[in-house]
Amino acid sequence: MDFKFTDEEESFRQEVVEWLTREIPKRWYEIDHGLWEETEESWALSRQFQRKLGQKGWLAPAYPKEYGGLELSHNKRLILAEELAYNRAPISIEVEISVNWVGPAIQLFGTEQQKNMYVTGVAKGDIIFCLGYSEPNAGSDLASLQTRAVAGEDHYVINGQKIWCSYAHYADFCWLAARTDPNVAKHKGISMIIVDMKSPGITIRPLINILNRHSFNEVFFDDVRVPKANLVGLENNGWYQLAVALDFERSSIGY
């Protein structure tokens, strides 16, 4: 059995290598860009590079073409991932969060309007998500979360606190787990809602680590109004959607 890549696949590898050689900024290799704790400079360089990847369709290469991907074969996706790693490309956890965890969940459960806006925006490198999961008293027992989303006529009003939110200070949107029905079993009353991080009432407080660096945050929601159109899937069915998103994450499917 021949395990070699085909000539077409090797040609694709050469295309990737040549493109990365041109497009990865020389400055990227000179600065201390850390692992997760981005500086303002490294963040700007990585975001610029990720948008270029998005223009090529290489940021989310497995996505359907109508949402900004290329539907690349498994082997070509492997080659692309290998060369991004070998060349230390400006890719960090914020890409994993948006492209490989949240994006696929929205593809499965979102409306067509949500897919066109958020999934396509992620694939192009225009949108970054943070996760609104953990709370001070709801970590491993995530279903104990208490952040509330109270339904109005055409909106939700959200109140509560999230913690350990990676890149919330840079994110455009939050993939938020909130309690929409407090009167049922704790796994039954949760919904997933997309929240614009520029919404009035959101406060982001940095959590500085032992190296005096910053990637995690606390996020506070005080009467934050979110359109009902931002509900993903069915109201009160969020635990299932959250579990699927966690499966994308914990299986390391992106890698």
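Cut-off values and rules
- Along each chain, residue indices are assigned from 1 in the same order as the chain's sequence is written.
- With pLDDT at 70 or above as the cut-off, local features in this predicted model cover only qualifying residues; side-chain atom pairs require 80 or more to be listed or tallied, and sums for whole chains, interfaces and linings still use all residues.
- Side-chain measures were taken over the full set of non-hydrogen atoms in the model, leaving aside hydrogen atoms and water.
- Note on conventions: DSSP H or I runs of at least 4 residues are helices, E runs of at least 2 residues are strands, and numbering of each starts at the N terminus.
- We call a residue buried when its accessible area falls under 20% of the maximum for its residue type, exposed when it is over 50%, and partly exposed in between, using a 1.4 Å probe and counting protein chains only.
- Contact criterion: two residues are considered in contact whenever any of their non-hydrogen atoms come within 4.5 Å of each other.
- Axis definition: a line fitted to C-alpha atoms, limited for helices to the stretch in contact. Angles are taken between N-to-C directions and run from 0 to 180 degrees.
- Should an angle lie under 35 degrees it is considered roughly parallel, over 145 roughly antiparallel, and from 65 to 115 roughly perpendicular; all remaining angles are considered oblique.
- It is the rotation of the near helix from the far one that decides the hand of a crossing: anticlockwise by less than a right angle makes it left-handed, clockwise makes it right-handed.
- Under the scheme applied, nonpolar residues are Ala, Val, Leu, Ile, Met, Phe, Trp, Tyr, Cys and Pro; charged residues are Asp, Glu, Lys and Arg; polar residues are all the others, including Gly.
- The term salt bridge refers to a side-chain nitrogen of Lys or Arg lying within 4 Å of a carboxyl oxygen of Asp or Glu.
- Definition of nonpolar core: a set of buried residues of the types Ala, Val, Leu, Ile, Met, Phe, Trp, Tyr and Cys, connected through side-chain atoms within 4.5 Å.
- Any two of the Phe, Tyr and Trp rings considered here, Trp counted by its six-membered ring, make a pair once their centres fall within 6.5 Å; the pair's planes then place it as stacked at under 30 degrees, edge-to-face at over 60, or tilted in between.
- Between the first and last residue of a helix there are one fewer steps than residues, each counted as 1.5 Å, and that sum is the expected span.

Turning next to the overall build of the protein. Regarding its fold elements, the protein presents six helices and eight strands. Helices and strands appear in the protein in the N-to-C order α-α-α-α-α-β-β-β-β-β-β-β-β-α. Along the first, second and third principal axes, the C-alpha set of the protein runs to 60 × 40 × 30 Å. Split into buried and exposed, the 255 residues of the protein put 51% on the buried side. A sequence separation of at least 24 residues applies to 71% of the contacts in the protein between residues at least 6 apart.

Take the packing of helix α4 (residues 93-109) against helix α6 (residues 238-250) next. Axis separation between α4 and α6 bottoms out at 8 Å; the angle between their running directions is 140°. In terms of their interaxial angle, α4 and α6 are classed as oblique. Every pair of crossing elements has a handedness; the one defined by α4 and α6 is right-handed. The segment α4 lies against α6, with Asn100, Trp101, Pro104, Ala105, Leu108 and Phe109 engaging Tyr240, Gln241, Val244, Ala245, Phe248 and Glu249. Its residues assigned to classes, the contact of α4 with α6 shows nine nonpolar, two polar and one charged.

Another aspect to go through is the pattern of salt bridges. Using the criterion set out here, one finds 12 salt bridges in the structure. For Lys186, the salt bridge goes to Asp141, with nearest N and O atoms at 3.1 Å. Within this pair, whereas Lys186 is found in the loop between β4 (173-179) and β5 (190-196), its partner Asp141 is found in the loop between β1 (129-132) and β2 (148-151), the two being separated by 45 residues in sequence. Here Lys186 falls in the partly exposed class, since its relative accessible area comes to 35%.

A negative phi angle is the norm for most residues apart from glycine, just as the trans form is the norm for most peptide bonds. Residue Arg88 is not a glycine yet carries a positive backbone phi of 50°. The topology assignment puts Arg88 in the loop between α3 (74-86) and α4. Notably, Asp223 is not glycine yet its phi reads approximately 55°, a positive angle. Within the fold, Asp223 resides in strand β7 (residues 214-227). We classify Asp223 as exposed; its relative accessible area is 52%.

Within the largest apolar cluster, 74 residues are counted, with the highest numbers of intra-cluster contacts made by Phe129, Ile158, Trp175 and Val195. The element best represented in this core is α4, accounting for nine residues.

So, about the packing of aromatic side chains. This model, assessed by the stated rule, comprises 11 aromatic pairs. Ring geometry for Tyr118 versus Phe129: centroids 6.2 Å apart, planes at 65°, classification edge-to-face. Of this pair, Tyr118 sits in helix α5 (residues 112-124) while Phe129 sits in strand β1, and the two are 11 residues apart along the sequence. Take Tyr118 and Phe129: they sit in the same class, and that class is buried. Relative to Phe173, the ring of Phe129 lies with its centre 5.9 Å away and its plane at 35°, an arrangement referred to as tilted. Placement of the pair is Phe129 in strand β1 and Phe173 in strand β4, with a sequence separation of 44 residues. For the residue pair Phe129 and Phe173, the accessibility class agrees, reading buried in each case.

Attention now goes to α4. Counted at 1.5 Å a residue, the expected span for α4 with its 17 residues is 24 Å, and the 23 Å between its end C-alpha atoms agrees. In terms of burial, α4 is largely enclosed, as 15 of its 17 residues are buried.

Attention shifts here to α5. The first and last C-alpha atoms of α5 sit 17 Å apart over 13 residues, in line with the 18 Å expected at 1.5 Å per residue. Those residues of α5 not exposed but buried are Gln114, Lys115, Tyr118, Val119, Thr120, Gly121, Val122 and Ala123. Buried residues belonging to α5 abut α2 (40-56), α4, β1, β4, β5 and β8 (231-232). Phi turns positive one or two residues past the end of α5, at Gly125, with a value near 85°.

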